[in-house]
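# Examining the three-dimensional arrangement
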Amino acid sequence: RRAGAGIATGGMELGGIFLELYLNLIEAGVEKNYARRLIYALHDQAGEGGEGDRHTLKRRLFNILVSSLAAPSPLRLSGGRRVAVLVGPTGAGKTTTIAKLASYFKLIEGRRVALLTLDTYRIGAEAHLRTYAQIIDVPFYAVYSAADLRFRLQTLSACDLVMVDTAGRCPHDQEGVRALEGLLAEIPPAERVVGLLVSATTKSEVAEA
């Protein structure tokens, strides 16, 4: 797009700060049609002569973006035990997120919680989650095979929630993905909840790759 060109849709053309903000959204990975809708909503909210205070417009755009996002579905514990498994790339924050969720359900809701890790490859991963488990006083086990996972789930039948940490996997690591699928097959489908964890700043083309 040449510098200074505006955004034109439906007979309306926007330039200046609105074009700048539109291009910022595109650069951040926002889909073009969605970015246009956000900018037009911002323009309508600003009204005539709205191209003024840059900070105010950015704050308004942020509020419009946040209000347009769907509310996430919470992890609900009802009708029996739940085995929640977090998967995703290395460094996405799976272990820390599991610790936070386990703390909430144990300390705030008073649920019976246990932690498992399938990440027996990464140095320090097991010790990391074990430390969290000791702090909030919940059972913790490292799982090395499908038979081991099956046994641990049997021994934890009285729990309301079992949270399972996994090793970071790239979608191109087909062998690793198949191994993980084999382990997850040991979890009863009625109890299994699988969550994909990625950074909120991950661009859509990267997530879909």
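Here the structure is a predicted model, which means the values were calculated and not measured.

### A look at the overall build of the chain
- In terms of helices and strands, the chain carries 8 helices and 7 strands.
- Per-residue burial for the chain yields a buried fraction of 34% across its 209 residues.
- Put simply, 68% of the contacts in the chain that link residues at least 6 apart link residues at least 24 apart.
- Carbon and sulfur atoms form 54% of the exposed surface of the chain, whose accessible area is close to 12400 Å².

### What to know about the nonpolar core
- Counting 17 residues, the largest nonpolar core has Leu116 and Val162 as the members making the most contacts within it.
- For this core, the elements supplying multiple residues, two or more each, are β3 (82-87), β4 (113-117), α6 (146-155), β6 (161-165) and α7 (174-184).
- With residues up to four places along the chain from it excluded, the contact list for Leu116 reads Leu129, Tyr141, Val143, Leu149, Arg152, Leu153, Leu156, Val162, Met163, Val164 and Asp165.
- Formed by 16 residues, the second largest nonpolar core is a distinct cluster that contains Phe18, Leu21, Ala46 and Leu61.

### Focus: the confidence of the model for the chain
- Per-residue confidence for the chain averages 82 on the pLDDT scale, and 82% of its residues sit at or above 70.
- When pLDDT is averaged over each element of the chain, β4 comes out on top at 95 and strand β1 (residues 7-9) at the bottom at 55.

### Some remarks on the sheet that holds strand β5 (residues 140-142)
- The sheet built from 5 strands is open, its strands ordered β5-β4-β6-β3-β7 with parallel pairing. Because the sheet does not close on itself, it has two edges, and the strands there are β5 and β7 (192-196). For this sheet, the mean inter-axis angle between neighbouring strands, taken without regard to orientation, is 20°.
- Pairing between β4 and β5: 3 bridges, direction parallel. What sits directly across from Leu115, in β5, is Phe140.

Conventions and cut-offs
- Residues numbered from 1 in each chain as written.
- Predicted model: local features only at pLDDT ≥ 70, side-chain atom pairs only at ≥ 80, totals over all residues.
- Heavy atoms only, no water.
- Helix = DSSP H or I, 4+ residues; strand = E, 2+ residues; numbered from the N terminus.
- Buried < 20%, exposed > 50% of the residue type's maximum accessible area, 1.4 Å probe, protein only.
- Contact = heavy atoms within 4.5 Å.
- Areas by Shrake-Rupley, 256 points an atom, 1.4 Å probe, with all protein chains shown as cover.
- Core = buried A, V, L, I, M, F, W, Y, C linked by side-chain atoms within 4.5 Å.
- pLDDT = per-residue confidence, 0-100.
- Pairing = 2+ DSSP bridges.
- Axes fitted to C-alpha atoms, helices over the stretch in contact; angles between N-to-C directions.

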